[in-house]
Amino acid sequence: MKSLEEYVTAIPDFPKKGIIFRDITTILNDKDGFKMAIDGLVDKLKNLDFDVIVGSESRGFIFGAPVAYAMNKGLVLVRKKGKLPRSVYSESYSLEYGTATVEIHQDAIRKGQRVVIIDDLIATGGTTEAVVKLVEKEGGKIVKIGFVIELRGLNGREKLKNYDVFSLISYPGI
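Residues numbered from 1 in each chain as written. Predicted model: local features only at pLDDT ≥ 70, side-chain atom pairs only at ≥ 80, totals over all residues. Heavy atoms only, no water.

**Section: helix α4 (residues 126–137)**
Now for step 1: The terminal C-alpha atoms of α4, which comprises 12 residues, lie 17 Å apart, in line with the 16 Å expected from a rise of 1.5 Å per residue.
Now for step 2: Those residues of α4 that sit buried are G126, T128, A130, V131, V132, L134 and V135.
Now for step 3: Among the residues trailing α4, G139 stands out with phi positive, at a value near 95 degrees. (Helix = DSSP H or I, 4+ residues; strand = E, 2+ residues; numbered from the N terminus. Expected span 1.5 Å × (residues − 1). Buried < 20%, exposed > 50% of the residue type's maximum accessible area, 1.4 Å probe, protein only.)

Next up, the structure:
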């Protein structure tokens, strides 16, 4: 049986020279790879007391939804600015060349709910840091944050040092 790492395709020099892009679509394309990723996330959460999973656009939806289903939990979506139809909280964060904003419905999380955040990848941690702020603005308590892939060389975990963070696969570089 293959390891989860074997389902990730490494693409050198993309999007620019010196970067190795870790393509997760090859996990998703393969029924065994996708099942292994979802089962791995579920396994990391199986003894945890929590109420809801938060997934951020868009790959957090892909991984968060089947985990929420498997664990009989709700799924809260964090979307890019302007995509949610009701009243929202917004949080902006820095990108390499500018800023981005993510939003959550103001009624998506009840005060005191125990929250798990799921996403595909942690690099610099900016997106997840913004999601954390949104959850806490709603009164949610973050009990764990999980990723399929972590790029340790970009130090994203440092922005989340006050939280319980895990990844299924960890790469040393960028």
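**Let's talk about the environment of A37**
Now for step 1: Structurally, the position occupied by A37 is in helix α2 (residues 31–45).
Now for step 2: Distance from A37 to S3, taken between C-alpha atoms, is 9.9 Å for residues 34 residues apart in sequence.
Now for step 3: When near neighbours in sequence (up to four residues on either side) are disregarded, A37 contacts L4, I27, F63 and L168. (Contact = heavy atoms within 4.5 Å.)

**Side note on the packing of aromatic side chains**
Now for step 1: Applying the stated criterion across every chain yields a total of 2 aromatic pairs.
Now for step 2: On the numbers, 5.3 Å between centres and 90 degrees between planes, the contact of F14 with F21 is edge-to-face.
Now for step 3: Using a relative accessible area of 42% as the deciding quantity, one classes F14 as partly exposed.
Now for step 4: Residue F21 is classed as partly exposed on the basis of its relative accessible area, which comes to 30%. (Phe/Tyr/Trp six-rings, centres within 6.5 Å; stacked < 30°, edge-to-face > 60°.)

The values are spatial; any link to function lies outside them.
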